Amino acid sequence: MAIMNKLEEQLSPIIENLGFEVVRIMTIGVKNPTLQIMIERKDRENLVVDDCALVSRAVSDLLDELDPIEGEYSLEVSSPGLDRPLTKFENFQRFTGYEAKIETKVEVDGRKRFKGIIAKTEDSEKIYIEMDGKEYEILFDDISKAKLVLNDALLAEAAAAELAE
């Protein structure tokens with residue numbers, strides 16, 4: 001994990017200078033690993049294949065120099081998709097009102113898994129999720145994994161955004 005954080009620190013300035021934000025950097029697989037870099041456009045327009053190719057070319061030299069993964073690996077630059085991971089506090093602010101799945105490192109009110117509506121955020125550290133008629137307060141630092149839930153509302157909004165373009 002520390003390697004991925006360091007890698008994100010080094011790659012983010014290059015990616016941001018091209019007009020993109022890093023959503024997540026991680027490795028997938030062990031035998032034939034893939035270094036996955038999820039990006040989105042800063043202007044929130046739809047990501048296209050040429051955007052991914054541009055970022056891939058821009059980071060390739062630095063990746064060759066850093067050699068972050070032992071042996072051979074594949075590089076994948078992609079969109080986070082509709083059911084995107086929520087990796088930064090700002091993501092929870094941006095997607096307030098949407099349904100999300102959240103897993104925590106510690107128990108919150110006797111549970112570690114939540115699936116509900118992001119009700120609100122507070123103080124740059126608290127996320128409130130409404131589930132089963134109850135609101136749970138979760139500290140951002142206690143989240144191990146979170147993502148939006150692909151549902152009819154999210155699909156309808158994506159379709160509406162497509163039509164607006």
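Preceding block: the structure.
What counts, and where the lines are drawn
- Residues numbered from 1 in each chain as written.
- Predicted model: local features only at pLDDT ≥ 70, side-chain atom pairs only at ≥ 80, totals over all residues.
- Heavy atoms only, no water.
- Patch = residues over 30% accessible without salt bridge, like charges linked within 9 Å, V, L, I, M, F, W, Y side chains within 5 Å.
- Areas by Shrake-Rupley, 256 points an atom, 1.4 Å probe, with all protein chains shown as cover.
- Salt bridge = Lys/Arg side-chain N within 4 Å of Asp/Glu carboxyl O.
- Lys, Arg positive; Asp, Glu negative; His and termini not counted.
- Charge placed at Lys NZ, Arg CZ, Asp CG, Glu CD.
- Helix = DSSP H or I, 4+ residues; strand = E, 2+ residues; numbered from the N terminus.
- Buried < 20%, exposed > 50% of the residue type's maximum accessible area, 1.4 Å probe, protein only.
- Expected span 1.5 Å × (residues − 1).
- Bend = angle between axes of the 7 residues up to and from the residue.
- Contact = heavy atoms within 4.5 Å.

1. Comments concerning a negative patch on the surface
A cluster of like negative charges, contributed by D61, D64, E65, D67 and E70, occupies part of the molecular surface. Checked against the element boundaries, E65 lands in helix 2 (residues 49-66).

2. So, the pattern of salt bridges
Opposite charge on two side chains permits pairing when their charged atoms draw close. The final tally for this structure, using the stated rule, is 11 salt bridges. The salt bridge partner of R84 is E40, with a shortest N-O separation of 2.8 Å. A residue pair is termed long-range when its members are at least 10 positions apart, and R84 in the loop between strand 3 (74-78) and helix 3 (89-94) and E40 in strand 2 (residues 34-41) qualify at 44 residues. As far as burial versus exposure is concerned, R84 and E40 are alike and both buried.

3. Brief notes about unusual backbone geometry
Of note, R44 is a non-glycine position whose phi angle comes to about 65°, a positive value. Following the sequence through the fold, R44 ends up in the loop between strand 2 and helix 2.

4. Some details on helix 2
Between its first and last C-alpha, helix 2 extends 25 Å over 18 residues, near the 26 Å set by a 1.5 Å rise per residue. When the local axis directions of helix 2 are compared, the greatest deviation, roughly 35°, occurs at S60. Among all positions of helix 2, only D51, C52, V55, V59 and L63 are buried. Packed against the buried residues of helix 2 are helix 1 (2-17), strand 1 (20-28), strand 2 and strand 3.

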